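These are the residues of each chain, in order.
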Amino acid sequence: FTAFGVFMLVRYLTRSNLLALVAGLLMTHTPYYTGLNALNTDLLGFGFAALFILYLLRTTREEGWRPPLLAGVMLALTSMENMEHGLFMYVFLAFHLVYTGVSLRRERQRIKPLIKRVAALVVVFAVLVAPFAAIVSLHMHEHHPHRPGLLKGELAVARDCEPGQM
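This write-up is about the structure you can find in this document.

Criteria and cut-off values
Residues numbered from 1 in each chain as written. Predicted model: local features only at pLDDT ≥ 70, side-chain atom pairs only at ≥ 80, totals over all residues. Heavy atoms only, no water. Salt bridge = Lys/Arg side-chain N within 4 Å of Asp/Glu carboxyl O. Helix = DSSP H or I, 4+ residues; strand = E, 2+ residues; numbered from the N terminus. Patch = residues over 30% accessible without salt bridge, like charges linked within 9 Å, V, L, I, M, F, W, Y side chains within 5 Å. Areas by Shrake-Rupley, 256 points an atom, 1.4 Å probe, with all protein chains shown as cover. Buried < 20%, exposed > 50% of the residue type's maximum accessible area, 1.4 Å probe, protein only.

1. Thoughts on the pattern of salt bridges
Now for step 1: Following the criterion strictly, the structure yields three salt bridges and no others.
Now for step 2: A salt bridge links R117 to E63, with the nearest nitrogen and oxygen atoms 3.3 Å apart. Of this pair, R117 sits in helix 7 (residues 108-143) while E63 is found in the loop between helix 4 (46-61) and helix 5 (66-81), placing the two residues 54 residues apart along the sequence.

The following block contains the structure:
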């Protein structure tokens with residue numbers, strides 16, 4: 001699936017099927033990627049991140065509601081598949097929106113529709129992720145009621161352990 005996501009993104013950026021095919025193959029057949037996937041499936045869903053970037057670019061460059069809705073879905077899938085990839089995509093989203101805002105500062109008539117499309121992206125993301133976030137939060141509270149937060153709890157566990165136990 002990663003090859004497909006990378007293929008679609010590179011084809012959109014370069015308008016070349018050949019370059020897109022090479023990029024998809026390179027992404028999925030690098031020693032790092034194939035070696036890591038033998039032990040871990042975290043990178044199998046990286047195609048969601050590539051598709052999120054594709055639909056985010058289309059959201060900021062094109063009119064219409066399909067790209068922002070699909071970008072919201074892909075951001076949700078990226079975040080649920082691997083939270084670290086999700087965090088990188090949040091940062092990418094923020095930087096891309098700042099860049100787009102600066103580049104459109106002279107074209108004020110395009111900013112208001114863009115804000116509406118980005119809001120749709122965020123709403124779709126929030127609606128899809130909210131149920132899972134609630135389940136994870138309830139699970140954490142039920143199984144770790146004494147831990148007010150992961151970071152504080154992890155520090156408390158580390159503090160209470162003897163050296164070499166962690």
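Now that the structure is up, let's keep going.
2. Looking at unusual backbone geometry
Now for step 1: Despite not being glycine, R15 has its phi angle at roughly 60 degrees, a positive value.
Now for step 2: Here R15 shows up in the loop between helix 1 (2-14) and helix 2 (17-28).

3. Structural notes on a nonpolar patch on the surface
Now for step 1: A surface patch of nonpolar side chains, amounting to about 360 Å² of accessible area, comprises M80, L128, F132 and I135.
Now for step 2: By relative accessible area, which is 46% here, F132 ends up partly exposed.

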